[in-house]
Amino acid sequence: MSAAEGPLVVGVDTSTQSTKALVVDAATGQVVASGQAPHTVTSGAGRESDPRQWWDALCEALRQCGDAAHEAAAVSIGGQQHGLVTLDERGEPVRPALLWNDVRSAQQAVRLVEELGGPKAWAERTGSVPGASFTVTKWAWLAEHEPEAVRATRAVRLPHDYLTERLTGQGTTDRGDASGTGWWASGTEAYDEETLAHVGLDPALLPRVVRPGEVAGTVRDSHDLPFSKGTLVAPGTGDNAAAALGLGLRPGTPVLSLGTSGTVYAVSRRRPTDPTGTVAGFADARGDWLPLACTLNCTLAVDRVAALLGLDREAVEPGGSVTLLPYLDGERTPNLPHASGVLHGLRHDTTAGQLLQAAYDGAVHALLGALDLVLDEDADRDTPLLLIGGGARGTAWQQTVRRLSGRPVQVPEARELVALGAAAQAAGLLTGEDPAAVARRWNTAAGPVLEAVERDRATLDRITGVLSDAAPLLERGTDTE
């Protein structure tokens, strides 16, 4: 291990499929050790994981970090949002956790919105209109389908809360992750008693919400992790809020995350209250807000089109007037849950490469539409877009975002932004700094900047027109559904 200039901190990203740990020099941001271990998710109707696998994966990831983890002065956990973890009186899982992408609670989501005042009332109270991903809907589903599990539950946690509590022995969460539950009111920054009473959840079962910059606890000595007893434990947060910390985001800087689904967000000083439900009004981990919108069809949908055409994902060609709406899994933004893909404008001279480019254009059109809803009206439209996620290093993605946004595009070189954000939060406990300022000092967003080009409004208008004209088809879905 190279000599560190400052104290060492550990940042953890416990995601859907795996847990990653980074040991970082708090002075420089240098990653001095890392580790990763997988966990499993059920397939079929639900999406569930055993929380004890997360703990085992954390232990293994830290073991891979070696001696560096032993020297850490502080640790923070960033984790997948929304998951419902139910614990018994011994702190053991009552049943596997219901994960964010378990959509069996869709009916409960619709019912809860109707029963508690409608979309506008929900947005005003919690900042979001809950969909099936939100924790409150999962608790309602559990109460309806597994009442014995609800009766056995003595504590309710989110995924990052579970691991933090295993470290400290204390039930804590943070405002960023709590804002994705549906039972935390963004207006009062407290648990919402009306919502909890309506779903039959005792507030005493919930973790204490730790303030930004507050120490959540210290590592206890009754476990086998390579930390010293008394190591500081930061509040932790949800994965998107952790990534925002990892980028050192300032208000108004837009982020496009290109993964299986697409995510757009920006830090704002204004509390979001979107009654359409398109923008989730999450809190960030610092005291500001993190309005966020998702599209369902991003890299996976475009890769599927490339595979159907027998092309490499980079084999795009310019020209033509073909339009492809790649809504292969329905779509969330725009809100078309029953939609399928739509192809329009196919001609004899249309090439396979043009079809593939049209898939990119359709996916990015949806992302930019979501971004317009996320950004404050007075946001600087010349600020570079930060492009992150699995697709961010693809040339076709970069050039499509650049052409359709008309903005500069910056591609940060840092990879593990959730774990880096958690590490920055841990470092902030030691130095007293704002974690986002720590990340900026570490220069985590550094990367090539692609200069702005003239915005391709003709393509944007053409896609918007096809989307409008095809609305009846998209809303109806296919006959086989």
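Cut-offs and rules
- Residues numbered from 1 in each chain as written.
- Predicted model: local features only at pLDDT ≥ 70, side-chain atom pairs only at ≥ 80, totals over all residues.
- Heavy atoms only, no water.
- UniProt positions renumbered as here; feature names shortened; annotations may be inferred.
- Helix = DSSP H or I, 4+ residues; strand = E, 2+ residues; numbered from the N terminus.
- Pairing = 2+ DSSP bridges.
- Domains from an automatic or database assignment.
- Contact = heavy atoms within 4.5 Å.
- Buried area = accessible area lost by both parts, 1.4 Å probe.
- Salt bridge = Lys/Arg side-chain N within 4 Å of Asp/Glu carboxyl O.
- Polar contact = N/O pair within 3.5 Å; in protein donor to acceptor, adjacent residues only side chain to side chain.
- Phe/Tyr/Trp six-rings, centres within 6.5 Å; stacked < 30°, edge-to-face > 60°.
- Lys NZ or Arg CZ within 6 Å of the ring centre and 35° of its normal.
- Buried < 20%, exposed > 50% of the residue type's maximum accessible area, 1.4 Å probe, protein only.

You'll find the protein entered in an unreviewed UniProt entry as Xylulose kinase, with Streptomyces argyrophylli given as the organism. Listed under Function (unreviewed entry) in UniProt, the entry text for the protein is "Catalyzes the phosphorylation of D-xylulose to D-xylulose 5-phosphate."

S.K.: Tell me about the UniProt feature "domain: Carbohydrate kinase FGGY C-terminal" (unreviewed entry) in the protein, and please be specific about residues and values.
M.R.: Sequence positions flagged by UniProt for "domain: Carbohydrate kinase FGGY C-terminal" (unreviewed entry) are, in local numbering, residues 312-427. Note that residues 312-427 is 39% helix and 10% strand, and that its end C-alpha atoms are spaced 42 Å apart.

S.K.: Describe the sheet that holds strand 23 (residues 409-410), listing the residues and the values that go with them.
M.R.: One key point about sheets: their strands pair by backbone hydrogen bonds, in either a parallel or an antiparallel sense. One open sheet accounts for seven strands, arranged 18-19-17-16-22-23-24; its pairing is mixed. Two strands in the sheet have a free side with no partner beyond their single neighbour: strand 18 (280-283) and strand 24 (449-450).

S.K.: Describe the domain arrangement of the protein, naming the residues involved and giving the relevant values.
M.R.: Taken as a whole, the protein is organised into domain 1 (8-235) and domain 2 (248-411 + 451-475). Placing the centre of domain 1 and that of domain 2 at their C-alpha centroids yields a distance of 29 Å. At the junction of the two partners, domain 1 supplies 22 residues and domain 2 supplies 17 residues. Carbon and sulfur atoms make up 51% of the surface buried where domain 1 meets domain 2, a total of about 1,300 Å² over both sides. The residue Arg 175 makes a salt bridge to Asp 284 at a minimum N-O spacing of 3.2 Å. Connecting domain 1 to domain 2 are seven residue pairs in polar contact (both at pLDDT 80 or more). At the level of secondary structure, the elements contributing two or more residues to the side of domain 1 that touches domain 2 comprise helix 4 (119-126) and helix 8 (175-178). Here the element with the most residues in the side of domain 1 that touches domain 2 is helix 4; it accounts for six residues.

S.K.: Describe the packing of aromatic side chains, with residues and values.
M.R.: Counting across every chain of the model gives three aromatic pairs. In this structure, Arg 125 is placed above the aromatic ring of Trp 122, and the distance from its NZ or CZ to the ring centre is 5.0 Å. Positioned over the ring face of Trp 289 is Arg 175, at 4.7 Å from the centre of the ring.

S.K.: I'd like to hear about unusual backbone geometry, residue by residue, with values.
M.R.: The step from Thr 333 to Pro 334 runs through a cis peptide bond, and the omega angle for that step is 5°. Its location among the elements puts Pro 334 in the loop between strand 20 (323-325) and strand 21 (342-344). Notably, Glu 189 is not glycine yet its phi reads approximately 55°, a positive angle. As for its position among the elements, Glu 189 is in the loop between strand 10 (184-185) and strand 11 (190-191). According to the relative accessible area criterion, Glu 189 is partly exposed, its value standing at 39%. Phi is positive for Asn 443, which is not a glycine, with a value near 60°. Tracing the sequence through the fold places Asn 443 in the loop between helix 15 (435-442) and strand 24.

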